[in-house]
Amino acid sequence: MNDQKLGFKTGDVIEVMDATNREWWWGHVADGEGWFPASFVWLRVNQDEPSENKARHGGAEEDVEAEAQSSRDQMCTNVINEILSTERDYIKHLRDICEGYIRQCRKRSDMFSEEQLRTIFGNIEDIYRCQKVFVKALEQKFNRERPHLSELGACFLEHQANFQIYSEYCNNHSNACVELSRLSKLNKYLYFFEACQLLQKMIDISLDGFLLTSVQKICKYPLQLAELLKYTHPQHRDFRDVEAALHAMKNVAQFINERKRRLENIDKIAQWQSSIKDWEGEDLLVRSSELIYSGELTLVTQPQAKSQQRMFFLFDHQLIYCKKDLLHRDMLYYKGRVDMDGLLVLDLEDRKDKDLHVSIRNAFRLHRGTMGESHLLCARKPQQKQRWLRVFAREREQVRLDQETGFSITELQRKQVMLNASKQQAAWKPKAHGRPYYLTCQKHPVLPASLPQQ
């Protein structure tokens, strides 16, 4: 093949003569013909020729269009074959995990508890069952005589709801990595996993590599469907379903990536809490998993209508407020929290408050019931007040979505990240004595928020 490679440069138009091979095509340019890599070019279909060429070729135009369509059909066939091939490989991969690892682990109750297996493997057995049904449906939609006429898009749409179970698996994946890292330090577990691999005659990949594949798989579907859509003719019966399936699988992948992002952020939240001085009460991660917004507000307290400038941090389920250090403004002291569940946010007009007997501007009140807690807060500008009102609504929406999708932080995850944060905080403390206090204080880390900050 090396002697028959086709040389070309950017902008050249290559006439494809043979596209039966998925990776290398045979093509023709002005200087000659030969093999060239299919991944290096874009396929042009039904392009208009210059008028002088049309006059010269005459009736040959229809032949060119027919050849182009044939080439497009061949590319569509290649993509469909690739989808089915990867699905069959993936099913074997899942079978190896379920039968080669999990089945053997359950035989050794002296080494693995059911809770431990759930931590390591998550709901991968549920995924295996769903994928077997999905692959069977794909095979039924596959047109063996004319593969480019297969209707895989419709199949993806029929099973799109089942792909939601990947969310639970991906959320648990970090727990699995933590537990496997712990077990890998013990020789008996290393030998056991190697024995499982040999008995099942698996490929030479470690268990954590096997478990990562399912995380990667759900993110690969949009790429495969985008490629299928590119080579599916608009008049194809499956064209609109492929379009819809691509949109649906993008949403699934986006949903899972968002959950993964939030789980990665819990380390930063734990570090942030560890940096706050005089922290009281339960850890943030017991109820919260994301910083939604933060900024300065004036807290007006009863009965003397005392005004206090505070930094407020709105997380899902709770609002934390802190005081800045007088000398070192990056240092924060914990001053309290407000439970956002069941709380009403009341927009107040600029007026004189009848209870406090003071004039208020850009104010709103956090209120719970008739005789419940109440907090009067004032922003500096009307725009800041409106933004706070919007983010309070955003917080409620976030809580609702988490309840619908079942997103939560496990006890193992919370304990692990809080332990890591404590170790980092302890390692930071200076050994030298006699330095001014504000020089030995560590400033609080900046937390990533879901909305732009003030």
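Not measured: the values here are computed from a predicted model.

Enquirer: Can you lay out the pattern of salt bridges for me, pointing to particular residues and giving the numbers?
Expert: Taken as a whole and judged by the stated rule, the model has 31 salt bridges. The salt bridge involving R88 is made with E139; its shortest N-O contact spans 2.8 Å. Placement of the pair is R88 in helix α2 (residues 60–107) and E139 in helix α4 (residues 124–141), with a sequence separation of 51 residues. Judged by its relative accessible area of 38%, R88 falls in the partly exposed class.

Enquirer: Outline the packing of aromatic side chains, listing residues and values.
Expert: Inspection of the entire model under this criterion finds 22 aromatic pairs. Where F134 meets Y221, the ring centres are 6.3 Å apart and the plane angle is 85 degrees; that geometry is what we call edge-to-face. Note that F134 is positioned in helix α4 and Y221 in helix α8 (residues 207–230), a separation of 87 residues in sequence. Looking at F134, the relative accessible area reads 1%, which means it is buried. Residue classification places Y221 among the buried positions, given a relative accessible area of 0%.

Enquirer: So what's going on with the nonpolar core? Residues and values would help.
Expert: The tendency in soluble globular proteins is for nonpolar side chains to be buried as a group. One finds F112, F121 and F193 to be the most contacted residues of the largest nonpolar core, which totals 65 residues. It is α2 that provides the largest number of residues to this core, a total of 14 residues. If near-sequence neighbours (up to four positions away) are discounted, F121 is found in contact with I97, Y101, I102, C105, Y169, L207 and L211. Counting residues in hydrophobic clusters, the runner-up holds 20 residues, among them I266, A270, F313 and F315.

Enquirer: Could you give an account of the sheet that holds strand β3 (residues 32–37), with specific residues and numbers?
Expert: Strand order in the open sheet formed by three strands is β1-β2-β3, and the pairing between neighbours is antiparallel. Single-partner strands in this sheet number two, and they are β1 (15–18) and β3. Each neighbouring strand pair of the sheet contributes to a mean axis angle of 40 degrees, computed without reference to strand direction. Two strands pair when backbone bridges link them, and β1 and strand β2 (residues 24–29) are joined in this way by three bridges, in the antiparallel orientation. Across the sheet, residue E15 finds its bridge partner in β2, namely H28.

Enquirer: Now, about helix α7 (residues 187–200): what can you tell me, with residues and values included?
Expert: With 14 residues, α7 ought to run about 20 Å at 1.5 Å a step, and its terminal C-alpha atoms sit 20 Å apart, in line with that. For α7, every residue scored as buried is listed here: Y189, F192, F193, C196 and Q197. Buried residues of α7 fall within an arc of 140 degrees about the axis and therefore sit on the same side. Seen from the open side of α7, the exposed residues pointing more than 90 degrees away from its buried face are Y191, L198 and L199.

Enquirer: Break down the packing of α4 against helix α6 (residues 165–183) for me, with residues and values.
Expert: Closest axis-to-axis distance for the α4/α6 pair is 9 Å, and the angle between their directions is 150 degrees. With respect to each other, α4 and α6 are oriented roughly antiparallel. By crossing handedness, the relation of α4 to α6 is classed as left-handed. Contact residues: α4 offers I124, D126, I127, C130 and Q131, while α6 offers I165, Y166 and Y169. Its residues assigned to classes, the contact of α4 with α6 shows six nonpolar, one polar and one charged.

Enquirer: Tell me about the environment of L157, residues and numbers included.
Expert: Along the polypeptide, L157 turns up in helix α5 (residues 152–158). The exposure class of L157 is partly exposed, given its relative accessible area of 23%. Linking L157 and A244, residues 87 residues apart in sequence, is a C-alpha distance of 7.4 Å. Not counting the four nearest positions on each side in its chain, L157 is found in contact with D241, A244 and A245.

Enquirer: Which residues make up helix α9 (residues 239–275), and what are the values?
Expert: With 37 residues, α9 extends 54 Å from end C-alpha to end C-alpha; this agrees with the ideal 54 Å at 1.5 Å per step. The largest bend in α9 comes to about 25 degrees, at I266.

Enquirer: Give me the lowdown on unusual backbone geometry, citing residues and values where you can.
Expert: Its identity is not glycine, yet K201 carries a phi of approximately 55 degrees, on the positive side. Along the chain, K201 falls in the loop between α7 and α8. Although it is not a glycine, H317 sits at a positive phi angle of roughly 85 degrees. Here H317 lies in the loop between β5 (306–315) and β6 (318–324). Look at H317 and you get buried, because its relative accessible area is 16%.

Enquirer: If you had to explain the pairing of strand β11 (residues 363–367) to someone new, which residues and values would you point to?
Expert: Of all five residues in β11, five are buried; the element is thus mostly enclosed. Taking every second residue as pointing to the same face, both faces of β11 are buried, with A363, R365 and H367 on one and F364 and L366 on the other. Direction of pairing for strand β8 (residues 344–347) relative to β11: antiparallel, over a ladder of four bridges. The residue of β11 that forms the bridge with V345 is L366. Here β11 runs beside strand β12 (residues 374–378); their pairing, made up of five bridges, is antiparallel.

What counts and how
Residues numbered from 1 in each chain as written. Predicted model: local features only at pLDDT ≥ 70, side-chain atom pairs only at ≥ 80, totals over all residues. Heavy atoms only, no water. Salt bridge = Lys/Arg side-chain N within 4 Å of Asp/Glu carboxyl O. Helix = DSSP H or I, 4+ residues; strand = E, 2+ residues; numbered from the N terminus. Buried < 20%, exposed > 50% of the residue type's maximum accessible area, 1.4 Å probe, protein only. Phe/Tyr/Trp six-rings, centres within 6.5 Å; stacked < 30°, edge-to-face > 60°. Core = buried A, V, L, I, M, F, W, Y, C linked by side-chain atoms within 4.5 Å. Contact = heavy atoms within 4.5 Å. Pairing = 2+ DSSP bridges. Axes fitted to C-alpha atoms, helices over the stretch in contact; angles between N-to-C directions. Expected span 1.5 Å × (residues − 1). Arc of directions from axis to C-beta. Parallel < 35°, antiparallel > 145°, perpendicular 65-115°, else oblique. Left-handed = near helix turned anticlockwise from the far one by under 90°. Nonpolar A, V, L, I, M, F, W, Y, C, P; charged D, E, K, R; others polar. Bend = angle between axes of the 7 residues up to and from the residue.

Just distances and angles here, no functional claims.
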